[in-house]
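Coordinates in review
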Amino acid sequence: MIKKETTTVDCPVPFEAGVDTSLECARNLDQTDALKHFRELFYLPAKLDGERSKCVYLTGNSLGLQPKKAREYIEAELSDWQDLGVEGHFHARHAWMPYHEFVTDMSARLVGAKPIEVVVMNTLTVNLHLMMVSFYRPTKTRYKILVEKGAFPSDQYAVASQAAFHGFDPKDAVVELCPEPGADTLETEKIIETIAGMGDQLALVLLGNVNYLTGQAFESEKIARAAHEAGAFFGLNLAHGAGNLLLQLHDWQVDFAVWCSYKYLNAGPGGIAGCFVHEKHAHSFDIPRFAGWWGHDKKTRFQMGPEFSPIPGAEGWQLSNPPIFQLAALRASLEIFDHVTMPALRAKACRLTAYMQYLLDDINTRVPGFCRIITPRDPAQRGSQLSLKFTGESKKLLEQFKAEGVVCDFREPDIIRATAVPLYNSFEDVHRFCQVVKKFAQAEEN
Ligand SMILES: *Cc1c(COP(=O)(O)O)cnc(C)c1O
């Protein structure tokens, strides 16, 4: 039935022409899936039209689902607040004073970092600004920032406003990497050539990993090396990478990274974000940074002195005492990741995505060109997301999918993103989604 093969990439590509496209086959894949029980740890939304049957939720890349434990963990903090008042800072079951430390080791394992390199704080765009304060330090000649064309708008605003803040014209200072004519995604060699070409004008390379629109994952290690050879810093926006890809931020020599926790990490809407600062900068107390009391040396923080003395490592970039309820939700979620481990998740993710690609390819052989996958076909160059362009009007199609109980999302100008995440999506989910696509493909054909 399903043929397995191994390739040079970090996961097998298990589906090739001739395999069974039946629902029964999808159910068999679920039966033999070692991670199938983790679905039960989450609330799957009811069908969005109000019926109580479960929908096929393929937008875990946009807002992850609620871990059932999140409520229990938040309620524990509510009741400790009720019972203890201010004493909760020290005597809550999970004391609030060091609360952010309870997620440090789990966050470090998630992104391939040492504990001293990570901290959970603020929200993503805030952290991006804080990191650029420290790692975008332009001079008269070296002031350019290299980003992907069509980067997430918040990132575009952040880099443009940082350039302007330093007195540069963003149109000159911010340089965009564009795909070759006719291509949807970027080639590593081209990225590296561009970096080398910019040479000593280049101050910072900032990429999303995965790109939110195309689903392309970049070869961070190679690009980091090229950026450093040019004398620039290398930063990653992991909004779509954390909890999705296998990351080795420390080994890759990434200077800094930021991520949000409400997408793949399932910590709830607007959840608290993550931040990575490479160990090599842990004791760089002389570089500019915006400071706050929570980044101050823990031993002397409450002496309330006027001199800022930062904690070594990422924690030294903290500003405020953190939101405990958000941290509680994140704890509930990260415990699941820590239990499953990223390699196991990534292996299943590769299979789910390859299965989706296989079924969509099958539809395309029947109705040529109905659905074009713009995400790279090589599993090493993508995460769980597939970005799709349809011959029909995508916005309308999305609504039609929703009426069938399938939730994907739309991004301008014409892209539908479908993401099966390994913690709670099943092969049957993927099959149901593709059956819906098939239905509209056939309608198109007639
Ligand atoms: C989701 C996302 C953001 C969101 O930023 P917030 O500060 O969390 O609102 C930023 N950048 C990218 C690439 C994203 O995917």
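Keep in mind it's a predicted model, so treat the numbers as computed, not measured.

The 4 strands are arranged β9-β10-β13-β12 in an open sheet whose pairing can be described as antiparallel. Edge positions in the sheet fall to β9 (371-373) and β12 (409-411), since each has one partner strand and no second. Neighbour-to-neighbour, the strand axes of the sheet open up by a mean angle of 35°, direction not taken into account. Sheet topology places β9 next to strand β10 (residues 385-390); 3 bridges connect them, and they run antiparallel. Bridging from a neighbouring strand, Cys371 pairs with Phe390 of β10.

Attention now goes to the site of the ligand. In the vicinity of the ligand, the contacting residues are Leu124, Thr125, Phe152, Asp155, Asn237, Ala239, His240, Tyr262 and Lys263. Asp155 is positioned such that a nitrogen or oxygen atom in its side chain is 2.9 Å from a nitrogen atom of the ligand. In this structure, Tyr262 approaches the ligand through a side-chain N or O atom, which is 2.6 Å from an oxygen atom. A total of 390 Å² of accessible area belongs to the ligand in isolation, and the protein chains cover 84% of it. For the shell around the ligand, the residue count by class is 4 nonpolar, 3 polar and 2 charged.

Overall, mixed pairing links the 7 strands, which are arranged β2-β8-β7-β6-β5-β3-β4 in an open sheet. On the outer flanks of this sheet lie β2 (118-120) and β4 (174-177), each paired with one strand and no other. Neighbour-to-neighbour, the strand axes of this sheet turn through a mean angle of 20°, independent of strand direction. Two elements, strand β5 (residues 202-208) and strand β6 (residues 233-237), share 5 bridges in a ladder whose sense is parallel. Along β6, the bridge assignment pairs Leu204 with Phe233.

Below, the discussion takes up the domain arrangement of the protein. By domain assignment, the protein separates into domain 1 (23-62 + 342-445) and domain 2 (75-339). A C-alpha centroid distance of 29 Å is found between domain 1 and domain 2. With 30 residues of domain 1 at the interface, the matching set in domain 2 holds 23 residues. Looking at the side of domain 1 facing domain 2, the largest losses of area belong to Met342, Ile374 and Gln381, adding up to 24% of the total buried there. Viewed at the interface, domain 2 and domain 1 are joined by 1 salt bridge.

Each value, and the rule that gives it
Residues numbered from 1 in each chain as written. Predicted model: local features only at pLDDT ≥ 70, side-chain atom pairs only at ≥ 80, totals over all residues. Heavy atoms only, no water. Pairing = 2+ DSSP bridges. Helix = DSSP H or I, 4+ residues; strand = E, 2+ residues; numbered from the N terminus. Axes fitted to C-alpha atoms, helices over the stretch in contact; angles between N-to-C directions. Near = heavy atom within 4 Å. Polar contact = N/O pair within 3.5 Å; in protein donor to acceptor, adjacent residues only side chain to side chain. Areas by Shrake-Rupley, 256 points an atom, 1.4 Å probe, with all protein chains shown as cover. Nonpolar A, V, L, I, M, F, W, Y, C, P; charged D, E, K, R; others polar. Domains from an automatic or database assignment. Contact = heavy atoms within 4.5 Å. Buried area = accessible area lost by both parts, 1.4 Å probe. Salt bridge = Lys/Arg side-chain N within 4 Å of Asp/Glu carboxyl O.

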